[in-house]
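Chain residues, written in single-letter form:
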Amino acid sequence: MVRLTDYVTNGGCACKIGPHILNRVLKAVTPVTNDQVLADMTGSDDAGVYKISDTLALVQTLDFFTPMVNDPVLFGKIAAANALSDVYAMGGTPLTAMNIVGFPVPLVEQGILTDVLNGAGSMVAESGAAIVGGHSIENKEPIFGMSVTGQVNPNCIWKNKGAQVGDVLVLTKRIGTGIMNNALKADLFPVGTEQAITSMSTLNRVGAEVAHNFTVHACTDVTGFSLMGHSVEMASASDVTIHIKAYDIPLFDDVIEAAQMGLVPAASYGNRKAITDVQVDESLDPVWTDILFDPQTSGGLLFSVPANEGEQLVEALHKAGIDCATIVGTVESFSGLAVRVTS
Ligand SMILES: Nc1ncnc2c1ncn2[C@@H]1O[C@H](COP(=O)(O)OP(=O)(O)OP(=O)(O)O)[C@@H](O)[C@H]1O
Ligand SMILES: [Mg+2]
């Protein structure tokens, strides 16, 4: 049987070019923009937003990566859920998606690509969007992803900017997919890895739908740059300090044990190197650094909401089936540091 992960060096979001390198490149590139652009890569938002009219804007995003699981249907599902997530993180609704494919021809001939595309299709169908095309090249390492277009009311965009002092932060998925993907490759920790697979192949649709009934000051999805990286982006955009309580972070079973064994993706170290505006309390076991900077594939949404709505939001998320939704921190006035983590 084909083991998709044997074809790649780093699976999932762990295969991304590190933020320190990417930022250097993007800074050296001349921006191309116009007045209709409401969000682009010069901010730290999850997708581009382009204003069509006073009540309609397009949300555009794309994501692709290498397999982190061996089952091609699952890989397709996870890649699609991950790509669709950026539209939900902006408060938008997905409309159309296109497949991005780079695959070794022998795997295509064995029907593996067909399974990947059908897996992705099932997620897109669940989102209510349509698949309208794609592009495919031959490549030694299999890669798959999607470009997604959605819509949002330009007055109701969820941005990274907007977190207010006194807010609480609500996270909708557990942390640790990077570590668990390594455990999966090593055939270890079946309970935690199964939880991670289920989580990665779950859309952020329900989480976003529930949150639309609350006052969302800021939102991001927690993906490749880790809980720390995405918290720093929200804090910096909002001119505040985010205080994360490590022991309140929902984790997959066995993440701590797996990290202690050294099943930590290289991208975690890359994140740690690039993300300097974080202070982790010395009382925390060093293994927490691996978890806090762990690159997430198809991670959850992180909402900044008024303190008096936090518990209600968590309750509503639980009722909608998102059992792990939890308040993981608070927003404080800027103290010279983007993020501080205590026990
Ligand atoms: N080659 C590129 N050209 C222009 N912009 C880029 C390029 N690569 C990345 N970006 C932009 O850099 C920012 C960070 O990209 P990144 O892929 O890390 O964000 P993301 O898609 O929200 O996260 P993830 O991929 O982990 O889900 C985004 O605004 C993205 O559009
Ligand atoms: Mg991306």
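Keep in mind it's a predicted model, so treat the numbers as computed, not measured.

About the thresholds
Residues numbered from 1 in each chain as written. Chains lettered and ligands numbered in written order. Predicted model: local features only at pLDDT ≥ 70, side-chain atom pairs only at ≥ 80, totals over all residues. Heavy atoms only, no water. Core = buried A, V, L, I, M, F, W, Y, C linked by side-chain atoms within 4.5 Å. Buried < 20%, exposed > 50% of the residue type's maximum accessible area, 1.4 Å probe, protein only. Helix = DSSP H or I, 4+ residues; strand = E, 2+ residues; numbered from the N terminus. Domains from an automatic or database assignment. Contact = heavy atoms within 4.5 Å. Pairing = 2+ DSSP bridges. Axes fitted to C-alpha atoms, helices over the stretch in contact; angles between N-to-C directions. Phe/Tyr/Trp six-rings, centres within 6.5 Å; stacked < 30°, edge-to-face > 60°. Lys NZ or Arg CZ within 6 Å of the ring centre and 35° of its normal. UniProt positions renumbered as here; feature names shortened; annotations may be inferred. Patch = residues over 30% accessible without salt bridge, like charges linked within 9 Å, V, L, I, M, F, W, Y side chains within 5 Å. Areas by Shrake-Rupley, 256 points an atom, 1.4 Å probe, with all protein chains shown as cover. Salt bridge = Lys/Arg side-chain N within 4 Å of Asp/Glu carboxyl O. Near = heavy atom within 4 Å. Polar contact = N/O pair within 3.5 Å; in protein donor to acceptor, adjacent residues only side chain to side chain. 1 Å grid on protein atoms, 1.4 Å probe; cavity = no way out; pocket = protein on both sides within 12 Å on 5 of 7 lines; lining within 4 Å. Sits in = over half its atoms within 2 Å of the grid points. Nonpolar A, V, L, I, M, F, W, Y, C, P; charged D, E, K, R; others polar. Points joined across faces, edges and corners; volume = space filled by probe spheres on them.

**Let's talk about the nonpolar core**
Okay, so step 1: Judged by nonpolar contacts, the single largest core of 59 residues is most densely connected at Phe-75, Phe-144, Met-146, Phe-303 and Leu-313.
Okay, so step 2: With 11 residues, the top contributor of residues to this core is helix H2 (residues 72-89).
Okay, so step 3: Split by domain, this core shows at least three residues from each of two domains, domain 1 (4-156) and domain 2 (168-342).
Okay, so step 4: Apart from residues no more than four positions distant in its own chain, Leu-313 is found in contact with Val-170, Val-210, Ala-211, Phe-214, Phe-303 and Val-305.
Okay, so step 5: Counting residues in hydrophobic clusters, the runner-up holds 42 residues, among them Phe-189, Ile-249, Val-264 and Trp-288.

**With respect to the sheet that holds strand S10 (residues 278-280)**
Okay, so step 1: The sheet built from seven strands is open, its strands ordered S8-S11-S7-S12-S9-S13-S10 with mixed pairing. Because the sheet does not close on itself, it has two edges, and the strands there are strand S8 (218-221) and S10. Neighbour-to-neighbour, the strand axes of this sheet turn through a mean angle of 20°, independent of strand direction.
Okay, so step 2: Direction of pairing for strand S9 (residues 240-245) relative to strand S13 (residues 339-342): parallel, over a ladder of four bridges. Its bridge partner lying in S13, Ile-242 is registered against Val-339.
Okay, so step 3: Most of the contacts of H2 go to S8, to which it runs at about 175°, and overall it touches S8 and strand S11 (301-305).
Okay, so step 4: On top of the sheet, helix H8 (residues 226-238) reaches strand S7 (168-171), S8, S9, S10, S11 and S13; it is set at about 150° to S9, its chief contact.

**Details of the packing of aromatic side chains**
Okay, so step 1: Under the counting rule described, the total for this entry stands at four aromatic pairs.
Okay, so step 2: Aromatic side chains Phe-65 and Phe-75 sit 6.3 Å apart centroid to centroid with 35° between the ring planes, which places their arrangement in the tilted category. Here Phe-65, found in strand S3 (residues 56-65), pairs with Phe-75, found in helix H2; they are 10 residues apart in sequence, far enough to count as distant.
Okay, so step 3: A residue is classified by how much of its surface remains accessible, and Phe-65, at 3% relative accessible area, is buried.
Okay, so step 4: Residue class for Phe-75 comes out buried when judged on its relative accessible area of 0%.
Okay, so step 5: Summarising the aromatic geometry, the rings of Tyr-247 and Trp-288 are spaced 5.8 Å apart at their centres and angled 50° between planes, so their arrangement reads as tilted. Of this pair, Tyr-247 sits in the loop between S9 and helix H9 (255-260) while Trp-288 sits in helix H11 (residues 287-292), placing them 41 residues apart in sequence.
Okay, so step 6: Members of the aromatic cluster, each reached through a chain of ring pairs, are Phe-65, Phe-75 and Phe-144.
Okay, so step 7: One cation-aromatic arrangement involves Lys-16 over Phe-225; the distance from NZ or CZ to the ring centre is 4.1 Å.

**Observations concerning the UniProt feature "site: Important for catalytic activity" (unreviewed entry) in the protein**
Okay, so step 1: The positions that UniProt labels "site: Important for catalytic activity" (unreviewed entry) are, in the present scheme, Lys-16.
Okay, so step 2: Looking at the secondary structure, you find Lys-16 in the segment before helix H1 (19-27).
Okay, so step 3: Accessibility expressed as a relative area gives 34% for Lys-16, which makes it partly exposed.
Okay, so step 4: Setting aside residues up to four positions removed in sequence, Lys-16 forms contacts with Gly-224 and Phe-225.

**Comments concerning a nonpolar patch on the surface**
Okay, so step 1: A cluster of nonpolar side chains, contributed by Ile-17, Ile-21, Leu-22, Val-25, Leu-26, Val-29 and Met-41, occupies part of the molecular surface with about 620 Å² of accessible area.
Okay, so step 2: Along the chain, Met-41 falls in the loop between strand S1 (37-39) and strand S2 (48-53).

**So, the site of ligand 1**
Okay, so step 1: Close to ligand 1 lie Cys-13, Lys-16, Leu-22, Leu-26, Met-41, Asp-45, Asp-46, Asp-63, Asp-86, Thr-223, Gly-224 and Phe-225, which account for all nearby residues.
Okay, so step 2: Taking Asp-63, its side chain carries an N or O atom lying 2.7 Å from an oxygen atom of ligand 1.
Okay, so step 3: Computed on the free molecule, ligand 1 has an accessible area of 620 Å², of which 65% lies beneath the protein chains in the complex.
Okay, so step 4: Taken atom by atom, the bulk of ligand 1 overlaps the largest pocket.
Okay, so step 5: Across the shell around ligand 1, the residue classes tally to five nonpolar, two polar and five charged.
Okay, so step 6: When residues of the shell around ligand 1 are sorted by domain, at least three fall in each of domain 1 (4-156) and domain 2 (168-342).

**Topic: the layout of surface pockets**
Okay, so step 1: The computed volume of the largest pocket comes to approximately 1600 Å³.
Okay, so step 2: Elements supplying a minimum of two residues to the lining of the largest pocket: H1, S1, S2, S3, H2 and H8.
Okay, so step 3: No other element matches the six residues that S3 contributes to the lining of the largest pocket.
Okay, so step 4: A class-by-class count of the residues in the lining of the largest pocket yields 22 nonpolar, 15 polar and nine charged.
Okay, so step 5: Split by domain, the residues of the lining of the largest pocket number at least three in each of domain 1 (4-156) and domain 2 (168-342).
Okay, so step 6: At the level of secondary structure, the elements contributing two or more residues to the lining of the second largest pocket comprise helix H6 (190-200) and helix H7 (205-211).
Okay, so step 7: Residues that form the lining of the second largest pocket fall into these classes: six nonpolar, eight polar and three charged.

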